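The residues making up each chain are set out below.
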Amino acid sequence: MTTLRLPGLVDVHVHTRDPGQTHKETWASATAAALAGGVTTVLAMPNTTPAVGDVDSLDLAKAAARRGARCDYALYAGATALNASSAVRLAPRVAGLKLYLDQTFGDLRLPSLDTWWEHLAAWPATPPVVVHAEGASLAAVLLMAAWLERPIHLCHVSRADEIRLIARAKDRGLAVTCEVTPHHLLLDQSDAGHLSGRGTVRPPLGTPADRKALWAHLDVIDCFATDHAPHTAAEKMSDRPPPGFPGLETMLPLLLDQVTRGTLALDDLIARLDANPRRIFGLPAATTVVEVDPEERWVVRAAELHTACDWTPFEGREVQGRVTAVRRGSETLFEEGRVLAAAGSGADLKEGDPSR
Ligand code: DOR
Ligand code: ZN
Ligand code: ZN
């Protein structure tokens, strides 16, 4: 068996559901899934219950992470209609500030253009402002960021017109970075049938042309990120399915499979899951190593995954490339399908001494 050694990867877009909706996922289960997928740093979104928007809710979310996390992490603060000036105090303790400009899961959507502006103007240049923005919202927030000359990171870009606009913004020298998910790269509306009711996700799956445009603009994509958004299989099959797909354990195998197929260079994969996210979010260099068998072929089965949500949009997909172990120095965090890192062993990279 050949073994490929990669730096521990960073996923800049993860929903842990903890605190508040731990029947979907906990810090312990999300980070078990992360390690099984070769991800050793997760940046966690603020749409928990309660949402993270002030010191008390941040402390509560940090306590849950401290108890449960099996890998390193940082938390985002969430922008609300009322916290533009007070959220600034959280900046040194978080991965960034998240703005929800379009409807999705939770109640953090910001209805007013004034509020978008207030947050973009008040938040410091680092850590980044990250935005959920689709279509015209994306164009509007890019305009505001350009006027304010402030860096901005665009989450889960999914459409051809969006990635082309970002390419134009970058050509003009705007300080904009972006991420794309494996599901928007590998699934499209033609998959809706086999996903049946479970295909609801925000942004929605695009057309085959959208998918093609994302691949054609790989140079514009700074990060791959899962938008790991676990909801239980039962919730996904209900009359009003919440949007979101789990993705932490499948991202690296799916992308390694693209390397095998010749559609993605290994260096391009690593840049988007290691150097680029660390640069954009000011994170330390990897202290972990991921061992991969690049030749193992296997079939994705929800029953074998570590996420608590119990389903995957990639059920039954055959992929080549598997994580065999994750190590930090002489310590083994994951090996042969078993997560060995204890709950609570992960470090908050934005609190205290990140070098531990
Ligand atoms: O599909 C999604 N689910 N998109 C989001 O932006 C939020 C996420 C969630 O938290 O479930
Ligand atoms: Zn989003
Ligand atoms: Zn998300």
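No experiment lies behind these values; they were computed from the predicted model shown. (Residues numbered from 1 in each chain as written. Chains lettered and ligands numbered in written order. Predicted model: local features only at pLDDT ≥ 70, side-chain atom pairs only at ≥ 80, totals over all residues. Heavy atoms only, no water.)

**Some points on the pattern of salt bridges**
Opposite charge on two side chains permits them to pair, given that their charged atoms come into close proximity.
Right, so step 1: Under the definition given, this model contains 19 salt bridges.
Right, so step 2: Among the salt bridges present, the one from R159 reaches D161, with a minimum N-O distance of 2.9 Å.
Right, so step 3: Residue R159 is classed as partly exposed on the basis of its relative accessible area of 33%.
Right, so step 4: Taking the shortest distance from any N to any O, the salt bridge between D268 and R272 comes out at 3.8 Å. In this pair, D268 and R272 both sit in helix α11 (residues 266–273), 4 residues apart, roughly one turn of the helix.
Right, so step 5: Given a relative accessible area of 8%, R272 falls into the buried group.
Right, so step 6: A network of salt bridges, in which partner residues are shared, links D59, K62, R93, D348 and E351. (Salt bridge = Lys/Arg side-chain N within 4 Å of Asp/Glu carboxyl O. Buried < 20%, exposed > 50% of the residue type's maximum accessible area, 1.4 Å probe, protein only. Helix = DSSP H or I, 4+ residues; strand = E, 2+ residues; numbered from the N terminus.)

**Comments concerning the pairing of strand β6 (residues 129–132)**
Right, so step 1: The alternating pattern of β6 places V129 and V131 on one face and V130 and H132 on the opposite face, and all of these are buried.
Right, so step 2: Taken together, the 4 bridges between strand β5 (residues 96–100) and β6 define a ladder with parallel strand orientation. Looking at β6, one finds that L97 is bridged to V129.
Right, so step 3: The β-α-β motif built from β5, the intervening helix α3 (residues 113–122) and the parallel element β6 has right-handed crossover chirality.
Right, so step 4: Pairing analysis gives 3 bridges linking β6 to strand β7 (residues 152–154), with the strands arranged parallel. Bridging from a neighbouring strand, V129 pairs with I152 of β7.
Right, so step 5: In terms of handedness, the path from β6 via helix α4 (residues 136–148) over to β7 forms a crossover that is right-handed. (Pairing = 2+ DSSP bridges. Right-handed = clockwise from strand over helix to strand, strands pointing away.)

**Digging into the site of ligand 1**
Right, so step 1: Lining the immediate environment of ligand 1, one finds 14 residues, of which R17, N47, T104, R202 and H231 sit closest.
Right, so step 2: In this structure, H132 approaches ligand 1 through a side-chain N or O atom, which is 3.0 Å from an oxygen atom.
Right, so step 3: Here an oxygen atom of ligand 1 sits 3.2 Å away from a polar atom, N or O, in the main chain of G244.
Right, so step 4: Compared with its free state, where it exposes 290 Å², ligand 1 has 100% of that area covered by protein.
Right, so step 5: For the shell around ligand 1, the residue count by class is 4 nonpolar, 7 polar and 3 charged. (Near = heavy atom within 4 Å. Polar contact = N/O pair within 3.5 Å; in protein donor to acceptor, adjacent residues only side chain to side chain. Areas by Shrake-Rupley, 256 points an atom, 1.4 Å probe, with all protein chains shown as cover. Nonpolar A, V, L, I, M, F, W, Y, C, P; charged D, E, K, R; others polar.)

**Here we look at unusual backbone geometry**
Right, so step 1: Omega for the bond connecting D18 with P19 falls within 30 degrees of zero, at 15°, which places this linkage in the cis form.
Right, so step 2: With an omega of -10°, the peptide bond between R202 and P203 qualifies as cis.
Right, so step 3: The phi torsion at R17 lies on the positive side, around 70°, for a residue other than glycine.
Right, so step 4: The topology assignment puts R17 in the loop between β2 (9–14) and α1 (27–36).

**Points about the sheet that holds strand β8 (residues 176–180)**
Right, so step 1: The strand order β2-β3-β4-β5-β6-β7-β8-β9 describes an open sheet built from 8 strands, whose pairing is parallel. This sheet does not close on itself; its edge strands, each paired only once, are β2 and β9 (223–224).
Right, so step 2: As paired strands, strand β3 (residues 39–44) and strand β4 (residues 72–78) are joined by 4 bridges and run parallel to one another. Bridge pairing in β4 links T41 to D72.
Right, so step 3: Each of β6, β7 and β8 is contacted by α4, which is oriented at about 165° to β7, the strand it contacts most. (Contact = heavy atoms within 4.5 Å. Axes fitted to C-alpha atoms, helices over the stretch in contact; angles between N-to-C directions.)

**Points about the sheet that holds strand β1 (residues 4–7)**
Right, so step 1: The 5 strands lie next to each other as β1-β10-β11-β12-β13, forming an open sheet whose pairing is antiparallel. The open sheet is flanked by β1 and β13 (338–339), the only strands paired with a single partner.
Right, so step 2: Sheet strands touched by helix α10 (residues 251–261): β1, β10 (289–299) and β11 (318–328). Its angle to β11, the strand with the most contacts, is close to 125°.

**Notes on the coordination of the zinc ion (ligand 3)**
Right, so step 1: Coordination of the zinc ion (ligand 3) by the protein involves H13 (NE2), H15 (NE2) and D227 (OD), with metal-donor separations of 2.0 to 2.1 Å.
Right, so step 2: Mapping the donors of the zinc ion (ligand 3) onto the primary sequence gives the spacing H-x1-H-x211-D.
Right, so step 3: A separation of 3.6 Å is found between the zinc ion (ligand 3) and the zinc ion (ligand 2). The same class applies to H13 as to H15, namely buried. (Donors = N, O, S within 2.8 Å, 3.2 Å for Na, K, Ca; no water.)

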